[in-house]
Structures are given as structure tokens and as C-alpha cells.
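Fold and geometry: a report
The chain contents come next:
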Amino acid sequence: QQPVQSPQAVILREGEDAVINCSSSKALYSVHWYRQKHGEAPVFLMILLKGGEQKGHEKISASFNEKKQQSSLYLTASQLSYSGTYFCGTAFFAGGTSYGKLTFGQGTILTVHP
Amino acid sequence: GAVVSQHPSWVICKSGTSVKIECRSLDFQATTMFWYRQFPKQSLMLMATSNEGSKATYEQGVEKDKFLINHASLTLSTLTVTSAHPEDSSFYICSANPTHKNTDTQYFGPGTRLTVL
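To keep things clear, this report deals only with the structure shown in the data block.

Cut-offs and rules
- Residues numbered from 1 in each chain as written.
- Chains lettered and ligands numbered in written order.
- Predicted model: local features only at pLDDT ≥ 70, side-chain atom pairs only at ≥ 80, totals over all residues.
- Heavy atoms only, no water.
- Buried < 20%, exposed > 50% of the residue type's maximum accessible area, 1.4 Å probe, protein only.
- Helix = DSSP H or I, 4+ residues; strand = E, 2+ residues; numbered from the N terminus.
- Pairing = 2+ DSSP bridges.
- Axes fitted to C-alpha atoms, helices over the stretch in contact; angles between N-to-C directions.
- Contact = heavy atoms within 4.5 Å.
- Buried area = accessible area lost by both parts, 1.4 Å probe.
- Salt bridge = Lys/Arg side-chain N within 4 Å of Asp/Glu carboxyl O.
- Nonpolar A, V, L, I, M, F, W, Y, C, P; charged D, E, K, R; others polar.
- Disulfide = S-S within 2.5 Å.

Residue and element names in this part refer to chain A. Only one face of strand E3 (residues 18-23) is covered, namely the face carrying Ala 18, Ile 20 and Cys 22; the face carrying Val 19, Asn 21 and Ser 23 is uncovered. Where strand E1 (residues 4-6) lies against E3, three bridges are found, and the strand directions are antiparallel. Across the sheet, the residue bridging to Gln 5 is Cys 22, located in E3. Pairing geometry for E3 and strand E8 (residues 70-75), over six bridges, is antiparallel. What sits directly across from Cys 22, in E8, is Ser 71.

All names here are of chain B. Reading across the sheet, the four strands line up as E1-E3-E8-E7 and stay open at both edges, with antiparallel pairing between neighbours. The open sheet has two edge strands with one neighbour each: strand E1 (4-7) and strand E7 (67-73). On average, each strand axis in the sheet is inclined to that of its neighbour by 15°, with strand direction left out of account. Pairing of strand E3 (residues 19-25) with strand E8 (residues 76-81) involves six bridges; the strand directions are antiparallel. When the sheet's bridge partners are listed, Ile 21 is paired in E8 with Leu 79.

So, about the interface of chain A and chain B. A common way to state how big an interface is: give the accessible area lost once the parts meet. Contact with chain A, which involves 21 residues of that partner, is made by 21 residues of chain B. Both sides together, the interface formed by chain A and chain B hides about 1600 Å², and carbon and sulfur atoms give 57% of it. One can count one salt bridge joining chain A with chain B. When the shortest N-O distance is used, the salt bridge between Lys 101 of chain A and Glu 59 of chain B registers 3.1 Å. Those elements that place two or more of their residues in the side of chain A that touches chain B are strand E4 (30-36), strand E5 (43-49) and strand E9 (84-91) of chain A. Here the residues of the side of chain A that touches chain B are counted per class, giving eleven nonpolar, eight polar and two charged.

The next subject is the state of the cysteines. By the definition in use, this model includes two disulfides over all chains. With a sulfur-sulfur separation of 2.0 Å, Cys 22 of chain A is cross-linked through a disulfide to Cys 88 of chain A. Between Cys 22 of chain A and Cys 88 of chain A, the S-S torsion sits near 75°, and that sign places the bridge as right-handed. Of the two residues, Cys 22 of chain A sits in strand E3 while Cys 88 of chain A sits in strand E9, which places them 66 residues apart along the sequence. Each member of the pair, Cys 22 of chain A as well as Cys 88 of chain A, is classed as buried. Note on cysteine connectivity: Cys 23 of chain B is disulfide-linked to Cys 94 of chain B, with sulfurs 2.0 Å apart. When the S-S torsion is 80°, as for the bridge of Cys 23 of chain B with Cys 94 of chain B, the disulfide is right-handed.

The structure is reproduced here in C-alpha cells:
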């Protein structure tokens, strides 16, 4: 079942902050965040495992609320290079052949202007 | 580390021909690789899961006889689009799951843009 991302699009000026949410109606095992530039493949940002952890990567961090089955990606002091489409990919621990399979949200388009 | 390559990066073919796309993990082994297609401004739609040494697992609605997948080694998976038609035109992306990391993190290849005339 496809996770739901919000908002669908965000427009920022350099230096501003943004939050992108990813919600699932099904119990999650892990959440993966990727950024995709136009015409290119998605680039892995970070993975969060169930347990409610929070991670950081330079000025980009994320949290995973297991109870709410929701993850949020935080972009602080945005840079022009942050522009792109952000996807969350969710994994549902089912074991066996389902291991590793990700279901991606519809994407959030982030545009950062000078 | 964790580099995945795809070949070709783009291909234009005539309707009715077959096209093979290669996906290679360059610096790690991958028991499992995934094939996605992506239409403009849309999300990544999983087509199939490719497992080394066994048959691929196809998602519902994906024709296994049309999209042939072969995962002959721990570093190579191929997708062959047979008897391609204009509606098969899309951006095909593979990803690989590093066997040694024991997580479901996927690393994506650069994608192959297929145009069927």
C-alpha cells in the first residue's frame, strides 16, 4: 500500500526550512528517504528503522514515529542544491521474499529559489 | 561505495523489437535487485524483484513474458522488454540491495530512458 506524502510541493527561498511528511496506514519496518533530480536516478539520503529513531545528515534530518506510522524529513537552511523530488520508501517487515521490497510515496517536489 | 550502473542510458527502438537493459552493482554483491519504471512526474513503480539464481517475482499487473528478467550473477541483472510498443516508453530504473549489509537499503542505477517509435 502506497505511503502518502505531504505536501505535494514546496517552494522555498535559500536559507528557509521545510518539513516533508510520509504516512502509512500499515505497520512499518523501515522508512527510506531519497532525492531525485530531474532525469536522474534517486539518491539515497537515509534510512530509519522502527524504534522511533531520528537521524541527521548535514542539514537534513529525519524522524520516525512508530506509533503514528509516520516519518518526517527536515530540511534546514535550504540550499539551491536541495531542489528536487523527495520520495519516501517504506518497507513492511514480512520476511521471506518480501524482504527488501520498498513501496514509494508519490513524491514531494521541492524548489529552492535564490 | 554502493555504485550501481545501468546500460544503456537511453535507447530508441522500433515497435516490435526487443531491448535489453543491464544493471550492475560495481563495488558490492547483490542477491536482490529491483526493477522500476517511472513515468514523467510520477513515482517509482516496482515492476519486479530479481533474485540471483532464482525466478524473478513480478508485481501484480506486470507481464512476466513481456518483461524478462535474468539475474545470472551477484552483480548483474538484466531486463529485456520484448516486442516493445510505444506504451512501453518510460524511464526504467534498477536498484540493488547489498547482500552484506543485511538491510533493505536500495541503491539506484542512473536509469535507462526507453523510447519506442
